[in-house]
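Spelled out, the chains give:
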2 protein chains.
Amino acid sequence: MGWGDLGAFGEPSKETPNLDQMASEGMLLLDFYTANPLCSPSRAALLTGRLPVRNGFYTTNAHARNAYTPQDIVGGIPDSELLLPELLKKAGYINKIIGKWHLGHRPQFHPLKHGFDEWFGSPNCHFGPFDNRAFPNIPVYRDWEMIGRYYEDFKIDRKTGEANLTQIYLQEALDFISKQQASQQPFFLYWAIDATHAPVYASKQFLGTSQRGLYGDAVREIDDSIGKILKHLQKLGISENTFVFFTSDNGAALISAPKQGGSNGPFLCGKQTTFEGGMREPAIAWWPGHIPAGGVSHQLGNVMDLFTTSLSLAGLQPPSDRQIDGIDLLPAILQGKLIDRPIFYYRGNEMMAVRVGLYKAHYWTWSNSWEEYSKGIDFCPGQNVSGVTTHTLEEHTTLPLLFHLGMDPGEKYPLSFVSAEYQRAMERISDIVQQHKATMVPGEPQLNVCDKAVMNWSPPGCEKLGKCLKPPKSDPKKCFWPH
Amino acid sequence: MGWGDLGAFGEPSKETPNLDQMASEGMLLLDFYTANPLCSPSRAALLTGRLPVRNGFYTTNAHARNAYTPQDIVGGIPDSELLLPELLKKAGYINKIIGKWHLGHRPQFHPLKHGFDEWFGSPNCHFGPFDNRAFPNIPVYRDWEMIGRYYEDFKIDRKTGEANLTQIYLQEALDFISKQQASQQPFFLYWAIDATHAPVYASKQFLGTSQRGLYGDAVREIDDSIGKILKHLQKLGISENTFVFFTSDNGAALISAPKQGGSNGPFLCGKQTTFEGGMREPAIAWWPGHIPAGGVSHQLGNVMDLFTTSLSLAGLQPPSDRQIDGIDLLPAILQGKLIDRPIFYYRGNEMMAVRVGLYKAHYWTWSNSWEEYSKGIDFCPGQNVSGVTTHTLEEHTTLPLLFHLGMDPGEKYPLSFVSAEYQRAMERISDIVQQHKATMVPGEPQLNVCDKAVMNWSPPGCEKLGKCLKPPKSDPKKCFWPH
């Protein structure tokens, strides 16, 4: 989902009344980012409070490449990483993940081995060739065992786009909340649904209800679900004791537009890129009685902050034995303070850009290769900023491209290198980047090796269901990451 | 000002708390248009309820050219046109225009000859070469006579961007409202301020207060002023008896970006074009106690509707002796009804595009000429949709380019000509266009002839001020309209 997909963020059809109301009762964060323009690394960052280049969710197979956790990925979240639910446990929290895990699907990476007490959802994304031959269909787990597979037991009609998965995930969330409220135990619910990822789907009751086509139907279903979750918290009388945060793991994918692609509002490009459209996210914080209603914050935020902020809410300290990139946003959210901090935009193993205040400096620019682009793969459809949305990986490290995101949120007008403004801004930014690089200790890259043998052929529980498939012989290879 | 310039419409710095509050107390109209992507024709349409091609605010000097009323324009609003204030007079309204008139500056076009009772403002825009030699500085009128000139008596500091004009216009509005309330006479106030037109200015107290630079400062000052006007109505106890509508006369000008250019949100291109960015406008209706608070409407609206809607509010009928393009929006605004009507996008004498429902068909496409473009004049900076943002005036009348604005608000993905959806939509659109063209009676074009002798050399009242300038000899010529 993209920054521009919500009515409160200016989507012209304004079809998200529940999220808009959530914003009017809570706080809109307009300058909130993901840690990576792609799903898995972004989620790894959220749960560890650390940049993907630290927690291992990146590749060194090639320079500045986006990588994630497809079915044949060998790596996953290292045991050495401390995940938010592991830490929350110490404060008595019961932790549940509903939806897409995406931090590795081999046994050692199972969410219940990394702090979660319950899981209902899938280890990988719901796309695939869906034939159970070359690739197995993705399993859906309840806790330790699979209970079926997408497209087989959990239907997704690729022709009509009908699937009731969001409803299933919603019910699972409502039930978990009720159970926790009844047992008076504090809880962390990570509601990480698949929608609106392509192939886009929505339940029957939402199909055809949006001006925006199937993608809009999916957004409406999410909006409706969030509304039901918030109302459920209110009905149970625990809304003033529950912090809720809504955001997305990367900018809207524009390659699947217009029928399955979302909106990044006025920003440049989309998912896969380190332009604003790829990494600036819709974000709403909600906590009635604590967060002043109708608030707006320009605090530079990041999904990694949800790690630190959640710990703070639970009265816990972040780990002191490692670099944590997330900050505690509570002073910004509760007291309207502005904390000075940079935002780093990574693509794989490369820091492509950095934002400090209203300035964003691009040290490298790339959309995708000419080769891909010539095949119709376009991360910036209809947009072309000369020297910025480049189709070769361009280095600007000696003279970064600098943008003023206040005057130029669309990154169209690089500041003149000889201007005093450029000199002044870059002086500060250079110091920050230098320090960042000097102290950077990259983690072991987890997204380098692929092997078809590790795919979801025979997940635990497959025997009971008669759904075990025979894996091919192990043949580990360097994963190929084209962009 | 553009669709994307307000917080409520998704501007990322969200610096318009008063307009956003106006929206939350009233109704946001998300599909509201101007009648032309340029100032004068748009304003002529607003005040006559008729398309510029009918009321004469267009040119036939060349095909599909934008034209307006610069200082050397000979034409202006014809006496045969019935303006909103002329009609409101019949219902006892006192009518005032504050700000830019722009419907011709020669004596016969004076606003007080066309229904207004009072005027404080200028006949033309505040730009110029500002030297009082080749071009006189634009006069500022109080009613029948000029009381000074821009840059001389009404300062605009082009270096700092400081000018207190919006404050002067605000005070004038507050005074007029107070006077009318005291005299218990109904009033029509047309608050048509110059800001945010380039060269952009703001008062000292707003300079440097925006994340968006000088343009943002100007937007903030407008926002603040609207807030004060609405509060004034409330303080006087007449808010429930006063209908207020906020909109703009064309999309944000992108040629003056980033320092002086606004935002058209997710839409394509800007001012001067018939893409959504050129003609879709921010629009808010406010009438406490009548318009349900927090409403959102997808009614296709147009500035021309303000003519018909205002007459309706005053209990008057629109003239029946001529074609009126505006419709009465009250059923949409007060009762949430959706009235089926097309939106026509004209550039000069050519219908470039038409919107019917969510479909928009382009019969002609043009941004500007290669010649202009090569000089750096760009109405679509950073945007390039192949075959759509064309630099030659392209005809598509036999096979219009069709977009679904719900799925594709940015006009990036033309529908396939051979699709059933295309056939179905175009069938309906073709009928509407055919009828529109068959019954079209163009007015006498007013924007064809220019003559330096008619400029604001010696406006009435100049003698008293010693500010009369000697006009050159009359030398009427065809005006040159480059795009």
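The structure under discussion appears in the preceding block.
Residues numbered from 1 in each chain as written. Chains lettered and ligands numbered in written order. Predicted model: local features only at pLDDT ≥ 70, side-chain atom pairs only at ≥ 80, totals over all residues. Heavy atoms only, no water.

### Quick word on the relation of the copies chain B and chain A
Turning chain B through 180° and shifting it by 0.0 Å along the axis lays it on chain A, with an RMSD of 0.0 Å. Given the turn and translation reported, the copies of this chain are related as if by a two-fold rotation axis. Across chain B, the rotation axis passes nearest the C-alpha of glycine 10 of chain B, at a separation of 1.9 Å. (Least-squares fit on C-alpha atoms with pLDDT ≥ 70 in both.)

### A word on the pattern of salt bridges
One side chain can pair with another of opposite charge once the charged atoms of both are near each other. Residue and element names in this part refer to chain A. As enumerated under the stated definition, the model contains 52 salt bridges over all chains in all. Among the salt bridges present, the one from arginine 142 reaches glutamate 172, with a minimum N-O distance of 2.6 Å. Pair noted here: arginine 142 is in strand β5 (residues 139-142) and glutamate 172 is in helix α5 (residues 165-183), with a separation of 30 residues, a long-range link. Judged by its relative accessible area of 36%, arginine 142 is partly exposed. (Salt bridge = Lys/Arg side-chain N within 4 Å of Asp/Glu carboxyl O. Helix = DSSP H or I, 4+ residues; strand = E, 2+ residues; numbered from the N terminus. Buried < 20%, exposed > 50% of the residue type's maximum accessible area, 1.4 Å probe, protein only.)

### Thoughts on the nonpolar core
Leu47, Trp101, Val354, Tyr363, Leu402 and Ile429 of chain B are the most contacted members of the largest nonpolar core, which totals 75 residues. At six residues, the largest contribution of residues to this core is made by helix α11 (residues 420-438) of chain B. Residue contributions to this core reach at least three from each of two domains, namely domain 1 (7-340) and domain 2 (350-439) of chain B. Beyond its immediate stretch of four places on either side in the chain, tryptophan 101 of chain B contacts Arg43, Leu47, Ile77, Leu83, Phe109, His110, Pro111, His114, Phe116, Trp119, Ser122 and Pro123 of chain B. Counting residues in each nonpolar core, the second largest holds 73 residues, with Ala45, Ile77, Val356 and Leu415 of chain A among its members. (Core = buried A, V, L, I, M, F, W, Y, C linked by side-chain atoms within 4.5 Å. Domains from an automatic or database assignment. Contact = heavy atoms within 4.5 Å.)

### Things to note about the pairing of strand β14 (residues 350-356) of chain A
All names here are of chain A. Across the seven residues that make up β14, a large majority, seven, are buried. In terms of strand pairing, strand β13 (residues 343-347) meets β14 through five bridges, oriented antiparallel. Residue pairing across strands places isoleucine 343 opposite arginine 355, the latter belonging to β14. With four bridges joining them, β14 and strand β15 (residues 359-362) adopt antiparallel strand pairing. Along β15, the bridge assignment pairs valine 356 with tyrosine 359. (Pairing = 2+ DSSP bridges.)

### Digging into the sheet that holds strand β12 (residues 301-302) of chain A
All names here are of chain A. Strand order in the open sheet made by the three strands is β9-β2-β12, with mixed pairing throughout. The open sheet is flanked by β9 (280-281) and β12, the only strands paired with a single partner. Taken together, the two bridges between strand β2 (residues 32-33) and β9 define a ladder with antiparallel strand orientation. Bridging from a neighbouring strand, phenylalanine 32 pairs with glutamate 281 of β9.

### Section: the sheet that holds strand β7 (residues 187-192) of chain B
All names here are of chain B. Taken in spatial order, the five strands line up as β6-β5-β4-β3-β7 in an open sheet, and their pairing is mixed. Both edges of this open sheet fall to β6 (145-149) and β7, since each of them pairs with a single strand only. Pairs of neighbouring strands in the sheet enclose a mean axial angle of 20°, with direction left out of account. Here strand β5 (residues 139-142) runs beside β6; their pairing, made up of four bridges, is antiparallel. If you follow proline 139 over to β6, its bridge partner there is arginine 149. (Axes fitted to C-alpha atoms, helices over the stretch in contact; angles between N-to-C directions.)

### Some thoughts on the state of the cysteines
All names here are of chain A. Scanning the model with the defined rule gives six disulfides over all chains in all. A disulfide bridge connects cysteine 269 with cysteine 380, and the sulfur atoms are separated by 2.1 Å. Its S-S torsion of about 100° marks the bond between cysteine 269 and cysteine 380 as right-handed, since a negative value means left-handed. Remark: cysteine 380 occurs in the loop between α10 (370-374) and β17 (394-395) and cysteine 269 occurs in the loop between β8 (244-246) and α7 (276-279); sequence separation between them is 111 residues. (Disulfide = S-S within 2.5 Å.)

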